[in-house]
Amino acid sequence: MNTDPVSGYQSYDQHTPQDRPARNQATARRAALTICTIADVSAGLLGLWIVLYLLDANQGNAFVELVHGSADLLSGWAQDIFTMDTEGLRVVLNYGLPAVLYLLLGHGIAARLNRA
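Rules behind the numbers
- Residues numbered from 1 in each chain as written.
- Predicted model: local features only at pLDDT ≥ 70, side-chain atom pairs only at ≥ 80, totals over all residues.
- Heavy atoms only, no water.
- Helix = DSSP H or I, 4+ residues; strand = E, 2+ residues; numbered from the N terminus.
- Buried < 20%, exposed > 50% of the residue type's maximum accessible area, 1.4 Å probe, protein only.
- Areas by Shrake-Rupley, 256 points an atom, 1.4 Å probe, with all protein chains shown as cover.
- Patch = residues over 30% accessible without salt bridge, like charges linked within 9 Å, V, L, I, M, F, W, Y side chains within 5 Å.
- Salt bridge = Lys/Arg side-chain N within 4 Å of Asp/Glu carboxyl O.
- Expected span 1.5 Å × (residues − 1).
- Bend = angle between axes of the 7 residues up to and from the residue.
- Phe/Tyr/Trp six-rings, centres within 6.5 Å; stacked < 30°, edge-to-face > 60°.
- Core = buried A, V, L, I, M, F, W, Y, C linked by side-chain atoms within 4.5 Å.
- Contact = heavy atoms within 4.5 Å.

Caption draft 1: Examining the overall build of the protein more closely. Within the protein, the regular secondary structure consists of three helices and zero strands. Starting at the N terminus, the α and β elements of the protein follow one another as α-α-α. Sorting the 116 residues of the protein into buried and exposed places 23% on the buried side. Taken as a whole, the protein presents about 8200 Å² of accessible surface, with 63% of it coming from carbon and sulfur.

Below you can see the structure in the form of structure tokens.
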């Protein structure tokens with residue numbers, strides 16, 4: 001006789017120990033995907049700002065302001081690391097360095113999670 005409140009469904013206490021590694025691996029993969037996505041979006045915004053700056057985009061445009069504000073927020077820790085006379089080179093280096101670091105760290109952490 002089945003005493004489950006709803007037949008056909010497994011209750012929480014009936015999980016076998018073999019299910020745990022598979023669930024942990026799935027959770028690690030989701031976390032790795034999330035970290036990769038955040039790193040890619042962050043680097044993409046920084047790269048987009050570099051391109052918009054180099055192409056002399058209209059600084060008064062709402063989209064350009066949004067991208068510039070996001071890039072400033074993401075690269076605040078790296079501002080003025082490089083002080084070049086050429087403004088374009090300064091922007092490429094000061095916004096490019098955080099973009100590269102976000103990609104390297106994000107994908108490195110994600111790879112580590114996928115191996116665990």
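Let's pick the thread back up.
Caption draft 2: Structural context of a nonpolar patch on the surface. Taken together, Trp-77, Ile-81, Leu-97, Val-100, Leu-101, Leu-104, Leu-105 and Ile-109 make up a surface patch of nonpolar side chains, about 740 Å² in accessible area. Assignment of secondary structure puts Ile-81 in the loop between α2 (62-74) and α3 (87-115).

Caption draft 3: The arrangement of α3 in detail. A rise of 1.5 Å per residue sets the reference length of α3, with its 29 residues, at 42 Å; its end C-alpha atoms lie 42 Å apart and thus fit the reference within 8%. Along its length, α3 shows its largest kink, about 30°, at Gly-96, and proline Pro-98 lies within four residues downstream of that point. Along α3, the residues that are buried comprise Gly-88, Arg-90, Val-91, Asn-94, Tyr-95, Gly-96, Pro-98, Ala-99, Gly-106 and Ala-110.

Caption draft 4: Spatial organisation of the pattern of salt bridges. A full pass over the atoms with the stated rule returns two salt bridges. One salt bridge connects Asp-80 with Arg-90, and the closest N-O pair in it is separated by 3.9 Å. Placement of Asp-80 in the loop between α2 and α3 and of Arg-90 in helix α3 is noted, with a sequence separation of ten residues between them. Taking the relative accessible area as the measure of exposure, Arg-90 reaches 18% and is therefore buried. Across the pair Glu-87 and Arg-90 runs a salt bridge whose closest N-O atoms are separated by 2.2 Å.

Caption draft 5: Summary view of the packing of aromatic side chains. Throughout the structure, instances matching the rule amount to two aromatic pairs. Considering the side-chain rings of Trp-49 and Tyr-53, the 5.9 Å spacing of their centres and the 55° angle between planes classify their relative orientation as tilted. Highlighted residues: Trp-49 and Tyr-53, both in helix α1 (residues 19-54), separated by four residues, approximately one helical turn. Between Trp-49 and Tyr-95 the ring centres are 6.4 Å apart and the planes differ by 70°, which places this aromatic pair in the edge-to-face class. Here the residue Trp-49 occupies a position in helix α1, and Tyr-95 occupies one in helix α3, the gap between them amounting to 46 residues. The exposure classification of Trp-49 matches that of Tyr-95, with both residues buried. Aromatic ring contacts, followed pair by pair, group Trp-49, Tyr-53 and Tyr-95 into a single cluster.

Caption draft 6: Geometry of the nonpolar core. Ranked by internal contacts, the top residues of the largest apolar core, which has 13 residues, are Leu-46, Trp-49, Leu-52, Val-64, Ala-71 and Tyr-95. Listing elements by their share of this core, those giving two or more residues are α1, α2 and α3. Among the elements that make up this core, the one with the highest residue count is α1 (five residues). In this structure, Val-64 is in contact with Trp-49, Leu-52, Ala-57, Asn-58 and Gln-59, ignoring residues within four places of it in sequence.

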